[in-house]
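Below, each chain spelled out in residue letters.
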Amino acid sequence: MTLQERLKWFGVGAASICPRAYHYTRAKNSTVPYIVWAEDSEAESFHADSRKAEQRISGSLSYFTKKEYDPVCDDIQTFLDGSTAYWYLSAVNYEPETGLIHYEWRWDIHGCKNDGQGA
Amino acid sequence: MGVKMTVKGLEEYIQKLEKLGDKGKEMARRSLYEGAGVMADKIKSSINNIPTRSEESDPKSTGMQSGITPTQKQGLTDGFGITKMITTSTGVNVRIGFAGKNADGKSNASVAAAAESGRSWVQPTHFFSQAVNSSTGAAQSAMQQEFDKQIRQVMP
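Everything quoted here is computed from the prediction, not taken from an experiment.

Caption draft 1: A look at the nonpolar core. All names here are of chain B. Counting residues in hydrophobic clusters, the biggest one holds 26 residues, and the most contacted among them are Leu32, Ile43, Ile47, Leu76, Phe80, Phe98 and Phe127. Those elements giving two or more residues to this core turn out to be α2 (22-48), β5 (96-98), α4 (108-117) and α5 (127-154). Sorting elements by how many residues they give to this core places α2 first, with 7 residues. Setting aside its immediate chain neighbours within four residues, leucine 32 contacts Ile14, Met85, Val92, Asn93, Val94 and Met143.

Caption draft 2: α2(B), seen in detail. Here α2(B) is 27 residues long and its end C-alpha atoms lie 39 Å apart, about the 39 Å a rise of 1.5 Å per residue gives. B:Gly24, B:Met27, B:Ala28, B:Ser31, B:Leu32, B:Gly35, B:Ala36, B:Met39, B:Ala40, B:Ile43, B:Ser46 and B:Ile47 are the residues of α2(B) that are buried.

Caption draft 3: A look at the pairing of strand β4 (residues 51-65) of chain A. Residue and element names in this part refer to chain A. Most of β4 is tucked away: 11 of the 15 residues are buried. The pairing of strand β2 (residues 34-42) with β4 spans 8 bridges and is antiparallel. Paired with alanine 38 across the bridge in β4 is serine 60. Here strand β3 (residues 46-48) runs beside β4; their pairing, made up of 3 bridges, is antiparallel. Opposite histidine 47, over in β4, you have lysine 52 as the bridge partner. What sits between the antiparallel neighbours β3 and β4 is a turn of 2 residues, in which aspartate 49 has the positive phi angle 50 degrees. Inspection of the sheet shows β4 paired to strand β6 (residues 100-112) by 10 bridges, in the antiparallel sense. Across the sheet, leucine 61 pairs through a bridge with tryptophan 105, a residue of β6.

Basis of the calculations
- Residues numbered from 1 in each chain as written.
- Chains lettered and ligands numbered in written order.
- Predicted model: local features only at pLDDT ≥ 70, side-chain atom pairs only at ≥ 80, totals over all residues.
- Heavy atoms only, no water.
- Core = buried A, V, L, I, M, F, W, Y, C linked by side-chain atoms within 4.5 Å.
- Buried < 20%, exposed > 50% of the residue type's maximum accessible area, 1.4 Å probe, protein only.
- Helix = DSSP H or I, 4+ residues; strand = E, 2+ residues; numbered from the N terminus.
- Contact = heavy atoms within 4.5 Å.
- Expected span 1.5 Å × (residues − 1).
- Pairing = 2+ DSSP bridges.

Below, the structure is given as C-alpha cells:
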C-alpha cells in the first residue's frame, strides 16, 4: 500500500469503531463520544540498498467519552491489534472543565511504500 | 500526571558497560548522561516550537485552540530538566521531564501532559514524543561515542 492508502485504511477502521471519527481535528459542535486520529511523523523506517525499503508512520488516536468503563476503548485496542501497528496507551486524562475522559493511543504503522510492493 | 516515554535500544550500550563491573557502572552513567543530554536538547527546542495562544481560553468554546499560553511555556522551559542517575535492579536510569509549578500555580508536568496529548478544545502538539523519536538515533550515537572513549581509556 502507498502511504495514503495505508492511512485511508486506518481511517476507515477507526470510523468502523465510532461513527464520529475525525482526521486531524474534530468537527465544530461535535457530540461525544468521538475519535480524533492523525499521523504526525515518520517512525524508524527500514532502509536497504540505499533506498527506503519500508516506511513506518507514527500517529495518535484520541477517544473522548463521558462514559465510565466505556467498552469502545476495548474495541479500539482490538482494532489496533488487528492493524499490525506497534501501539500503546499513552495517556488517560479526565477533563474537569468538560467532564470528558480522554484516552490517547500512540501508534506506528508499517507497510507504507510508493511502488506498490508494501504490505 | 506527567509525560512518560520509554526508549528502546538505548539499553544495549548500558548493558555492555555494566559487564565491566564497578568501573563499568560509572562508565555506563557517563554514557547515559551524554545520550540524555542530546535528547534533552531536542526536547528544549521542541518546547520553543509549541504554538502560543491567548492567556484566556474558554473550555466551553466549541472551536479548537492550538498551543499553550506564554505563562505555561515559560513554566515548561523553567521546569524542564534531567534527574540524577537512578540505579535499579534493571540498570541505570535517568528521567527527563518537568518539575514544579508555573506562575499560575499549575503543575508543569500536568501542563506538559495536556500540551502533548491535547484536550477536547486544544489541539495536541506531541512535542515530547516527536522530539524523543527524532533524537533517539543521535542519542544512541552520542552514547556509543562516549562508550568508545571510555573503553579506550580502560583498554588503550
